[in-house]
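Chain by chain, the residues:
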Amino acid sequence: MRLLRTDTTLKLDWVNDENYPKYAALSHTWGPDELKYSDIISGGSIRVLPENFRDKKGFQKVARLAELASSDGYDFCWIDTVCIDDGSSAELGEALNSMYRWYYNAAVCYIFLDDFEWEQTTPNSNSASQACLSPSRFKSCRWFKRGWTLQELIASRNRKFYDKNGFDIGSAAKEIGIDLDRIIEEQTGIELAILRHEKSPKDVNVATRMRWAAGRETTRGEDIAWCLVGIFDIHMPMSYGEGRKKAFRRLQEEILKTSSDESIFAWQSNHPARLKLGLLAESPDQFYDCR
């Protein structure tokens, strides 16, 4: 895997997956001006990028990640936009199948909510005791609606949430007696034991895990299948271009190769020709009412 140094060089290093240093990972939602691997490969560091790159929100996001990780004592950090060469199909395929493990192995996962702002009851106050959290606003964040963030949420063992201004939501919520895990459980339907790594996703039936992804969106149709491979602990060859339905069907076929859990058939459809659709679902949305 490729990691970004958090020191003043901000260079990319390739490390062995079996002998990696402690690192911080980032979970976020993509915007229109993300900094990409292809932007920095020529110089090997974001420090040497031209001035026009520094105005990008993506640049500021990476710089903020590195600064935060460094302040917490981590020499390396990982972010998908910069650390994966999506121009290489081989590397992209490896990354898609390894993503869950990379988040699981991270010492901490910072979660940037770029559409959420902590409410201050006193203007310009930095004190959590003078602030409040609206659970409904927190749960309405785009981060809760994306496909890829599902496995990032479940895989990460140490999560820290930050609002769009860099405010530490988790620490502030804890100070005023709010348990973010319980709010996340209410929003996602994922039980606390899974969120707190007291249980493994393998301890939950297939239909329930599928239900976690119901209603989530991905930019590319096939990604609704790819974002679930880690949650089901399977490996699936990458095949962009096959479409959402075929990719999701292939995911289920791979699950059936290693599992005898019949709840995979516990999906529903309002399609008038429901019985003609076959045994496998077309989308995680069809598992929404499975419980």
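Everything below is about the structure printed above this text.
Reference entry: report on the structure contained in this document. Because the structure is predicted, anything quoted here is derived from the model rather than measured.

## A word on the packing of aromatic side chains
- Enumeration according to the criterion identifies 11 aromatic pairs in this entry.
- Aromatic side chains Phe 112 and Tyr 162 sit 6.3 Å apart centroid to centroid with 85° between the ring planes, which places their arrangement in the edge-to-face category. Taken together, the positions of Phe 112 in strand E5 (residues 108-112) and Tyr 162 in strand E8 (residues 159-162) put the pair 50 residues apart, joining distant regions of the chain.
- Between Phe 138 and Phe 144, the ring centres sit 5.4 Å apart and the planes meet at 75°, which makes this aromatic pair edge-to-face. The two residues Phe 138 and Phe 144 agree in class, both being buried.
- Site record: aromatic cluster; members linked through ring pairs are Phe 116, Phe 138, Trp 143, Phe 144 and Phe 161.
- When the ring centre of Tyr 104 is taken as reference, the NZ or CZ atom of Arg 157 above it lies at 4.2 Å.
- A cation sits over an aromatic face here: Arg 220 above Tyr 240, 3.9 Å from the ring centre.

## With respect to helix H13 (residues 244-258)
- Counted at 1.5 Å a residue, the expected span for H13 with its 15 residues is 21 Å, and the 22 Å between its end C-alpha atoms agrees.
- Those residues of H13 that fall on the buried side of the exposure criterion are Ala 247, Phe 248, Arg 250, Leu 251, Gln 252, Glu 254 and Ile 255.
- The secondary structure elements touched by the buried residues of H13 are helix H11 (206-212) and helix H12 (223-226).

## Things to note about the sheet that holds strand E1 (residues 2-5)
- One open sheet holds the six strands; their spatial order is E2-E1-E4-E3-E5-E8, and the pairing between them is mixed. The open sheet terminates on both sides in strands that have one partner only, identified here as strand E2 (12-14) and E8. Strand-to-strand, the axes of this sheet are offset by a mean angle of 35°, without reference to chain direction.
- As paired elements, E1 and E2 share three bridges and run antiparallel to each other. Its bridge partner lying in E2, Arg 2 is registered against Trp 14.
- Here helix H5 (residues 89-105) sits on the sheet in contact with E1, E2, strand E3 (23-27), strand E4 (76-78) and E5, set at roughly 110° to E3.

What counts as what
Residues numbered from 1 in each chain as written. Predicted model: local features only at pLDDT ≥ 70, side-chain atom pairs only at ≥ 80, totals over all residues. Heavy atoms only, no water. Phe/Tyr/Trp six-rings, centres within 6.5 Å; stacked < 30°, edge-to-face > 60°. Helix = DSSP H or I, 4+ residues; strand = E, 2+ residues; numbered from the N terminus. Buried < 20%, exposed > 50% of the residue type's maximum accessible area, 1.4 Å probe, protein only. Lys NZ or Arg CZ within 6 Å of the ring centre and 35° of its normal. Expected span 1.5 Å × (residues − 1). Contact = heavy atoms within 4.5 Å. Pairing = 2+ DSSP bridges. Axes fitted to C-alpha atoms, helices over the stretch in contact; angles between N-to-C directions.

Such coordinate-based values are descriptive only and should not be taken to indicate function.
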